[in-house]
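Structural characterization, general
Residues per chain are reported as follows:
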Amino acid sequence: MKIEDLTAFVAVIRLQSTRLAADELGLTQPAITRRVQNFEESLGIALLNRQTKPLKPTLMGNRVYQQCRHILREVDALTDLVAADSPPSGLLRLAVPQSLSESSLLPALKKLSSQFPEIQPRLSSGWGEELLLRVQSQELEAAVVLFPLSKQFPDGVENQPLGAVDLVVVGPKDPQALPQRLEDCYQRGWILNPQGCGFRAALQRALTEQGLPLLINLEAFGTTLQLSLIAEGRGLGLMPRALVEHHALRHQLELYDLRDFAPRSQLWLIYPNVPASQIPAIDAFASAIAEGLDLPMHISSGI
C-alpha cells in the first residue's frame, strides 16, 4: 500500500472524476486509474462503482475514503512537523468575495509578493457559498468570506471571525433631505450585484419584511462601476461603508443612515487543513483584506 495510491483514490472520490484528479495531481488519467486499481488490489476489495457517472464509491469505498482522508492529514502533519520552520513557498490558492474583489485582490497580491517572494499566489473571487464549497473540497488553501455572525460552518472547515462589516445604502449627492427609512428610498431602484450576493439578499429580506418590492435598475459587478452609476443618479446601492468612504468618488455620493435598515455582515477567514508553513502567508492575506475594510488587525489563524 503506497501513499500515492491513497492520494489518487481520495482525489478521484472528492472530484468524482479521474480526469480532474489527474489534472490536480499532475498525472495522466491512465496513471490515476492504475494507482486506484493498485490500492483496491492491496485491500482485496472494489472501492468504486464503475457503472455510475460521475464515479461513486461503494459503501465500503466511502468508509475507506473517510479513513484515507484521516491518514493523509496525519501524513501532512508529520511533514509539517519537519517543515514548520521553513518560509512559506509554493502554490497558494486564495479567494475573496466577489463584492470585495476590486478593492482587495491587488493589495493582497502586493502584500504576499513583498513579504513572501517564494509564494506563488493564485487569487480568485466568488460568492460566499461557492467559496465555502471550494474550501470544503480543498480546492482553496483559504478564503475570506462574508457571512452573518451566526453562520454555522460544516465539519472540516476551520473558521475565524475577522470583524463586523457595516453596510450602508449609497445614493448620489443631493441637496434635498436625506431619506430616514427604507420605504422613503426604495422606489428609486437599486444598482446591485447579480443573484448570489449576500448584500442583495439582506436587502431583499428587509424589503420583503416591510411588504416592499425590490426594484432593480441595473445589475453590475465592481465597486467603481456601481458607484459611478449611483453618482449619475441611476439608482441606489448597498455596500460596505469603508469601501465608499475610501473611494475616489466619495465626494459625489451620500450615505443614507436609515433608522430601520442598518445591516452588518461578518468577515471570516475559512480554511481546510493546511500545511503549518503556509500559516504566515494566509494570515498576511487575511490582514490585507481586513485592512481595506478598516477592521482591527488582530488576525492569527492558529491553524
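Residues numbered from 1 in each chain as written. Predicted model: local features only at pLDDT ≥ 70, side-chain atom pairs only at ≥ 80, totals over all residues. Heavy atoms only, no water.

**Brief notes about the confidence of the model for the chain**
Mean pLDDT over the chain works out to 87, with 95% of the residues at or above the 70 mark. For the chain, the element scoring lowest by mean pLDDT is helix α4 (residues 59–83), at 82; strand β7 (residues 190–192) scores highest, at 94. (pLDDT = per-residue confidence, 0-100. Helix = DSSP H or I, 4+ residues; strand = E, 2+ residues; numbered from the N terminus.)

**Structural notes on the packing of helix α1 (residues 3–15) against helix α3 (residues 29–43)**
Two numbers describe how α1 lies on α3: the axes approach to 8 Å, and their chain directions differ by 110 degrees. In this view, α1 runs roughly perpendicular relative to α3, as classed from their interaxial angle. In this structure, α1 uses E4, D5, L6, A8, F9 and V12 to contact α3, whose residues at the interface are I32, R35, V36, N38 and F39. The class makeup of the residues in the contact of α1 with α3 is seven nonpolar, one polar and three charged. (Axes fitted to C-alpha atoms, helices over the stretch in contact; angles between N-to-C directions. Parallel < 35°, antiparallel > 145°, perpendicular 65-115°, else oblique. Contact = heavy atoms within 4.5 Å. Nonpolar A, V, L, I, M, F, W, Y, C, P; charged D, E, K, R; others polar.)

**A word on helix α2 (residues 18–25)**
Two or three places before R19, at the opening of α2, S17 has a side-chain oxygen 3.2 Å from that residue's backbone nitrogen. Following α2 by one or two positions, G26 adopts a phi angle in the positive range, close to 70 degrees. (Polar contact = N/O pair within 3.5 Å; in protein donor to acceptor, adjacent residues only side chain to side chain.)

**As for the environment of I282**
With respect to the helices and strands, I282 occurs in helix α10 (residues 279–292). Given the relative accessible area of 0%, I282 is considered buried. The sequence separation of I282 and E141 amounts to 141 residues, and the corresponding C-alpha distance is 8.2 Å. (Buried < 20%, exposed > 50% of the residue type's maximum accessible area, 1.4 Å probe, protein only.)

**Some points on the pattern of salt bridges**
Going through the model one piece at a time under the given rule, you end up with 13 salt bridges. A salt bridge links E254 to K173; its shortest N-O distance comes to 4.0 Å. Taken together, the residues span a long stretch of sequence, with E254 in strand β10 (residues 253–256) and K173 in the loop between β6 (158–172) and β7 at a distance of 81 residues. Between E232 and R234 there is a salt bridge, with the nearest N and O atoms lying 2.7 Å from each other. (Salt bridge = Lys/Arg side-chain N within 4 Å of Asp/Glu carboxyl O.)

**Focus on unusual backbone geometry**
Despite not being glycine, Q138 shows a phi value in the positive range, around 60 degrees. Relative to the helices and strands, Q138 resides in the loop between α6 (128–136) and β5 (142–147). Q138 gets classed as partly exposed once you look at its relative accessible area, which sits at 30%. With phi around 60 degrees, D294 is a residue other than glycine that occupies positive phi space. Considering the arrangement of structural elements, one finds D294 in the segment after α10. Among the residues examined, D294 registers a relative accessible area of 48% and is labelled partly exposed.

**Section: a nonpolar patch on the surface**
A cluster of nonpolar residues, M1, L43, I45 and M60, forms a patch on the protein surface that exposes about 360 Å² of accessible area. If you trace the backbone, L43 turns up in helix α3. Here L43 falls in the partly exposed class, since its relative accessible area comes to 35%. (Patch = residues over 30% accessible without salt bridge, like charges linked within 9 Å, V, L, I, M, F, W, Y side chains within 5 Å. Areas by Shrake-Rupley, 256 points an atom, 1.4 Å probe, with all protein chains shown as cover.)

**Here's the deal with α3**
Counted at 1.5 Å a residue, the expected span for α3 with its 15 residues is 21 Å, and the 22 Å between its end C-alpha atoms agrees. Where α3 ends, the next residue or the one after it, G44, has phi of about 75 degrees, a positive value. (Expected span 1.5 Å × (residues − 1).)

**Regarding the packing of aromatic side chains**
Applying the stated rule across the entire model yields four aromatic pairs. For the ring pair F147 and F153, a centre distance of 5.9 Å and an interplane angle of 75 degrees mean the geometry is edge-to-face. Each of the two residues, F147 as well as F153, counts as buried. Look at F153 and W268: their rings are 5.0 Å apart centre to centre, the planes differ by 70 degrees, and that puts the pair in the edge-to-face class. Here W268 lies in strand β11 (residues 264–271) and F153 lies in the loop between β5 and β6, a separation of 115 residues in the sequence. A single burial state applies to F153 and to W268, both of which are buried. Site record: aromatic cluster; members linked through ring pairs are F147, F153 and W268. For the cation-ring pair, K151 lies above F147, with the distance from its terminal atom to the ring centre recorded as 4.5 Å. (Phe/Tyr/Trp six-rings, centres within 6.5 Å; stacked < 30°, edge-to-face > 60°. Lys NZ or Arg CZ within 6 Å of the ring centre and 35° of its normal.)

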